[in-house]
Amino acid sequence: MCIRDREYFELDSLSADFTNEPGMSRISVSSKLMDLDYAGTVSPADILAELKGFLNAYFPLPGDKMLAQESEQGEPGKPSGFTFTIQLYNHPILSEVLLPGLTSFEPGSITGSFNSGTGDLRLDASMKRIVYGAMEINDLEVAAGTDSSAVHYAISAGSVAREQAGLANLVFAGNVVDNRIVADFTSVDDDNGKKLEIHSLITRDSAPYRLAIDPENLHLMYKRWEIDKDNHILFGHEGVMIHRMFLQDGAREISIASVNEQFNDDIAIDIRNFQLGDLSRIIENDTSLVKGVVNGSILLKRADGTGGIVADAAVSKLIVHGVPLGNLDLTTTNPSADRYDLRLELSGAGNDLTATGSFYTGSGGTTLDITAAIASLSMKTVEAFAPRQVSETAGT
């Protein structure tokens, strides 16, 4: 029985059987919330350490010199392993007590096995529907397994959505072999058109990890984008460094790079003729969410440790929720180490708005001082940013 906010929740019945012998652990749990069966030479408390040691043979995980570990209950020199099955049920105690934000749940099962002697690892999980807060996931599937040379994995979902944004037919899959992780991310439409496709490779030859995007397999909204062949991101205990992330599709360009080729350096972003409509169509449920053409430069200040943004950017012909808003211009400067001045202008489509001010960063936190001058503001603009609260407006 559980109590939350003076309300009682009962599981009706719960049976559990635990067996812990030298070289063998068994667990059997049956309830209206979950059924669990586990058997193995590895204690459940040691599973993560066992798997970490096993996977380290395929790819160096954080913390060097990790070897496959013998379970404390296993016999030295003998293979270790386990099998388990979990069946979840949608009991009221799940949403009312354990996960109050869970509003819809169509459960599934989780099965797995491991044998260190044969090098065999298997994991399969499926969940039909999960709605937690504003997040909704449908047809979630997880699968992982080994063959003679690699660990293969795949995570897929029919859709992952949050209010007006979401991705459909998602697949994150790849393999781990010879100190390399292949990680491919795709989202396709119902006709298998490539809305988003990114193939990447993660390696670790020395201390930092290195992630590179395959220049032959980068697609955004059905079009193949070019990317610099030497692109990569280094990351690890040293921090993050971005090298030559230059993307191009005709006149459309995006450039991202660490300014001085150093870890935790300032990051320069240059954007030319980028269509927001292409990006929004990848992630949105509402096809009119946002449109416009972006041009400009942004510098993310990181080197001094305080953080901040220096920008000179513009969005022309901005449209939000199908409402034309005009042109948006943003300028920020950094006159002193902890001060950033900004100017934001929205003009056109019945709007004439200017916001100026400063924000300050430092050990005392971030403070913001903004003054807005509104000569004209279309009521349709208000409606665009609050479509659920405001509708059928007119005038300025």
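Here the structure is shown first, and the text comes after it.
What you are looking at is a predicted structure, and each value in this text was computed from that prediction instead of being measured.

Colleague: Talk me through the overall build of the protein; I want residue IDs and the actual numbers.
Modeller: Each helix and strand in the protein was counted, giving four helices and 28 strands. The burial tally for the protein puts 39% of its 396 residues in the buried class. A separation threshold of at least 6 residues defines the contact pool for the protein, and within that pool the share at least 24 residues apart is 38%. Roughly 21800 Å² of accessible area belongs to the protein as shown, and the carbon and sulfur atoms make up 55% of that amount.

Colleague: A description of a nonpolar patch on the surface should follow, citing residues and the corresponding values.
Modeller: Together, Leu98, Leu99 and Tyr132 make up a nonpolar patch on the protein surface, roughly 280 Å² of accessible area in all. For Tyr132, the position within the fold is in strand E9 (residues 120-132).

Colleague: Can you lay out the side chain of Asp341 for me, pointing to particular residues and giving the numbers?
Modeller: If you trace the backbone, Asp341 turns up in strand E26 (residues 339-348). A distance of 2.5 Å separates a polar atom in the side chain of Asp341 from a polar atom in the side chain of Ser358. Excluding residues that lie within four positions of it along the chain, Asp341 makes contacts with Thr331, Thr332, Thr333, Pro335, Gly357 and Ser358.

Colleague: Describe the environment of Asp270, naming the residues involved and giving the relevant values.
Modeller: Within the fold, Asp270 resides in strand E22 (residues 267-275). Along the sequence, Asp270 and Leu299 sit 29 residues apart, while their C-alpha atoms lie 8.7 Å from each other. Setting aside its immediate chain neighbours within four residues, Asp270 contacts Glu253, Ile254, Ser255, Gly296 and Ser297. Here the side chain of Asp270 touches Ser297 through a polar contact of 2.6 Å, side chain to side chain.

Colleague: Break down the packing of aromatic side chains for me, with residues and values.
Modeller: Each aromatic ring pair is summarised here by two numbers: the centre-to-centre distance and the angle between the ring planes. Throughout the structure, instances matching the rule amount to ten aromatic pairs. Pairing Phe82 with Phe114 gives two aromatic rings, centres 5.7 Å apart and planes at 40°, and the pair type is tilted. A residue pair is termed long-range when its members are at least 10 positions apart, and Phe82 in strand E6 (residues 81-88) and Phe114 in strand E8 (residues 109-115) qualify at 32 residues. Exposure remark for Phe82: the relative accessible area of 5% places this residue in the buried category. The exposure class of Phe114 is buried, given its relative accessible area of 5%. Site record: aromatic cluster; members linked through ring pairs are Tyr38, Phe54, Tyr58, Phe82, Phe84 and Phe114. The cationic tip of Arg204 hangs over the ring face of Tyr209; the distance from NZ or CZ to the ring centre is 4.8 Å.

About the thresholds
Residues numbered from 1 in each chain as written. Predicted model: local features only at pLDDT ≥ 70, side-chain atom pairs only at ≥ 80, totals over all residues. Heavy atoms only, no water. Helix = DSSP H or I, 4+ residues; strand = E, 2+ residues; numbered from the N terminus. Buried < 20%, exposed > 50% of the residue type's maximum accessible area, 1.4 Å probe, protein only. Contact = heavy atoms within 4.5 Å. Areas by Shrake-Rupley, 256 points an atom, 1.4 Å probe, with all protein chains shown as cover. Patch = residues over 30% accessible without salt bridge, like charges linked within 9 Å, V, L, I, M, F, W, Y side chains within 5 Å. Salt bridge = Lys/Arg side-chain N within 4 Å of Asp/Glu carboxyl O. Polar contact = N/O pair within 3.5 Å; in protein donor to acceptor, adjacent residues only side chain to side chain. Phe/Tyr/Trp six-rings, centres within 6.5 Å; stacked < 30°, edge-to-face > 60°. Lys NZ or Arg CZ within 6 Å of the ring centre and 35° of its normal.

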